[in-house]
Amino acid sequence: MGMDALLELDGISVRYGPVEAVRQVSLQVFPGEVITLIGANGAGKTSILRAVSRLIPLAGGTIHYSGDDVARIPAHLLPQKGLVHVPEGRIIFGTLSVQENLDLAAWWRRDDDQVQSDFADVFGMFPRLAERRKQLGGTLSGGEQQMLALSRAIMARPRIMLMDEPSMGLAPIFVKSIFAAIQRINQAGTAILLVEQNAHMALSIASRAYVLQTGRIIMSGDAEDLRNDRDIQAAYLG
Ligand code: ATP
């Protein structure tokens, strides 16, 4: 590709006791790309994202972000360095309002004018959140909480966003708006590493994809090609 990868996993492994959940996985995300990682339940997708954000240790291999070994970056500094993880399950602050949740996501930013314009962008993207600015996070619906989780990530102005199953358990109308938002975030310059069980949606917005089976990458390539592959269709696109 002629440029340096923003995120580069080289032969990483993750173990839980005797279980080798991730085996020798290598993948790259270049600046501005949308990459999806698809695979069945238990294939190891979440473990890969958790290893990148340093929530779990590596049993082998290396991860480089923007040229630096992630193992040398304190986990809590990763968001400020532009690597933001949106975990599965819409982690938000239930006892804080929508606005307070967003304020906290941007607390360390010094570019106040840009922060204000990012708030406007987020509320433009998700009018439901604008209407509920003062409502407590914990009282939002599942789809609204996912919008808030995504909005918190946007407020951190990431260079790359790791997204774990953003469509999980959402009604189709919410799934559409979440995927539209992911595309907008990407168009604004953020690279995305998207883990999804909804392979159809994921492949439709990704440029490249990796297919994971029992901890190993069994196939990778152009998202369009994978979408047209008979084996992939049979296994993941039902
Ligand atoms: P899903 O789509 O179901 O979330 P996944 O592809 O994200 O699956 P992981 O959550 O990464 O898969 O799990 C990979 C394997 O590691 C599974 O066999 C799982 O049971 C195991 N595993 C995950 N977390 C732990 C843990 N904390 N302790 C023990 N085993 C774990």
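Here goes a summary of the coordinates provided. The model shown is predicted, which means the values in this text are computed figures rather than measured ones. The written sequence of each chain sets the order in which its residues are numbered from 1. Where totals are concerned, whole chains, interfaces and linings use all residues; where local detail is concerned, this predicted model gives features only for residues with pLDDT of at least 70, and gives and counts side-chain atom pairs only at 80 or more. Hydrogens and waters are ignored; side-chain quantities use all the structure's heavy atoms.

Here's the deal with the environment of Val 84
By the secondary structure assignment, Val 84 is in strand E6 (residues 83-86). With 70 residues separating them in the primary sequence, Val 84 and Ile 154 have C-alpha atoms 8.9 Å apart. In this description, contact between two residues means that some pair of their heavy atoms is separated by no more than 4.5 Å. Those residues in contact with Val 84 that sit more than four places away from it in its chain are Pro 79, Ala 153, Ala 156, Pro 158, Ile 160, Met 161 and Leu 162. Where helices and strands are cited, they refer to DSSP runs of H or I of at least four residues and of E of at least two residues respectively, numbered from the N terminus.

Concerning the site of the ligand
Being near a molecule or strand, for a residue, comes down to having at least one heavy atom within 4 Å of it. Lining the immediate environment of the ligand, one finds Tyr 16, Ala 21, Ala 40, Asn 41, Gly 42, Ala 43, Gly 44, Lys 45, Thr 46, Ser 47, Glu 165 and Gln 197. Between N or O atoms, a polar contact is any pair within 3.5 Å; within protein, one atom must be a potential hydrogen donor and the other a potential acceptor, and residues adjacent in sequence are included only when both atoms are from side chains. Within the contact set of the ligand, an oxygen atom lies 2.8 Å away from a side-chain nitrogen or oxygen of Asn 41. Accessible surface area values rest on a Shrake-Rupley calculation with a 1.4 Å probe, where residue burial reflects the displayed protein chains alone. For the ligand, whose unbound accessible area comes to 630 Å², protein coverage reaches 59%. Ranked by residues supplied to the shell around the ligand, first place goes to helix H1 (residues 45-52) with three residues. Here the shell around the ligand is composed, by residue class, of four nonpolar, six polar and two charged. Any residue outside Ala, Val, Leu, Ile, Met, Phe, Trp, Tyr, Cys, Pro, Asp, Glu, Lys and Arg is labelled polar, Gly included; the first ten of those are nonpolar and the last four are charged.

Some words on the pairing of strand E2 (residues 19-29)
Across seven bridges, the pairing between strand E1 (residues 7-16) and E2 is antiparallel. Across the sheet, Tyr 16 pairs through a bridge with Val 19, a residue of E2. The loop that links E1 with its antiparallel partner E2 comprises two residues; one of these, Gly 17, has a positive phi angle of about 55°. If DSSP finds at least two bridges between two strands, the strands pair.

Side note on the packing of aromatic side chains
Put simply, two rings from Phe, Tyr or Trp (the six-membered ring, in Trp's case) pair if the centres are within 6.5 Å, and we call them stacked under 30 degrees between planes, edge-to-face over 60, tilted for the rest. One pass over the structure, following the stated rule, counts zero aromatic pairs. The positively charged end of Arg 133 is found above the aromatic ring belonging to Phe 123, 4.0 Å away from the centroid. The criterion for a charge sitting over a ring is simple: Lys NZ or Arg CZ within 6 Å of the ring centre, and within 35 degrees of the ring normal.

Thoughts on the pairing of strand E7 (residues 160-164)
Burial analysis of E7 places five of its five residues in the buried class, which makes it a mostly covered element. When a residue's accessible area, from a 1.4 Å probe over protein chains only, is under 20% of the maximum for its type it is buried; when over 50% it is exposed; and in between it is partly exposed. Here E7 shows a buried face lined by Ile 160, Leu 162 and Asp 164 and a second buried face lined by Met 161 and Met 163. As paired elements, E6 and E7 share four bridges and run parallel to each other. By the bridge assignment for E7, Leu 83 is matched with Ile 160. Pairing of E7 with strand E8 (residues 191-196), which is carried by five bridges, proceeds in the parallel orientation. Paired with Met 161 across the two strands is Ile 192, which belongs to E8. With the strands aimed away from the viewer, a crossover counts as right-handed if its path from the first strand over the helix to the second runs clockwise. In the classification by handedness, the crossover that spans E7, the intervening helix H6 (residues 172-187) and the parallel E8 is right-handed.

A look at the packing of helix H2 (residues 98-105) against helix H3 (residues 112-125)
How two helices sit against one another is set out by the angle between their axes and by the gap between those axes. The angle between two axes is taken between their N-to-C directions and runs from 0 to 180 degrees, where each axis is a line fitted to C-alpha atoms and a helix contributes only its stretch in contact. Where H2 contacts H3, the two axes come as close as 12 Å, and the packing angle between them is 135°. With respect to H3, the axis of H2 lies oblique. Once H2 is placed against H3, the crossing between them reads as right-handed. Of the residues in H3, those in contact with Val 98, Gln 99, Leu 102 and Asp 103 of H2 are Phe 119, Val 122 and Phe 123. Taken together, the residues of the contact of H2 with H3 sort by class into five nonpolar, one polar and one charged. Orientation labels follow simple angle bins: below 35 degrees gives roughly parallel, above 145 gives roughly antiparallel, 65 to 115 gives roughly perpendicular, and whatever is left gives oblique. With the far helix as reference, a near helix turned anticlockwise by less than a right angle produces a left-handed crossing, and one turned clockwise produces a right-handed crossing.

Observations concerning the pattern of salt bridges
Once their charged atoms are close, side chains differing in charge can pair, the charge on each being opposite to the other. Salt bridge, as used here: a side-chain nitrogen of Lys or Arg that lies within 4 Å of a carboxyl oxygen of Asp or Glu. Taken as a whole and assessed by the stated rule, the structure comprises eight salt bridges. For Glu 131, the salt bridge is made with Arg 132, and the minimal N-O distance between the two is 3.2 Å. Salt bridges here are not isolated pairs; linked through shared partners, they connect Arg 109, Asp 111, Asp 118 and Arg 157.

A closer look at the side chain of His 85
Looking at the element boundaries, His 85 is found in strand E6. In this structure the side chain of His 85 is engaged in a polar contact, spanning 2.6 Å, whose partner is the side chain of Ser 53. Apart from the residues lying within four places of it in its own chain, the contact partners of His 85 are Leu 49, Arg 50, Ser 53, Leu 55 and Leu 162.

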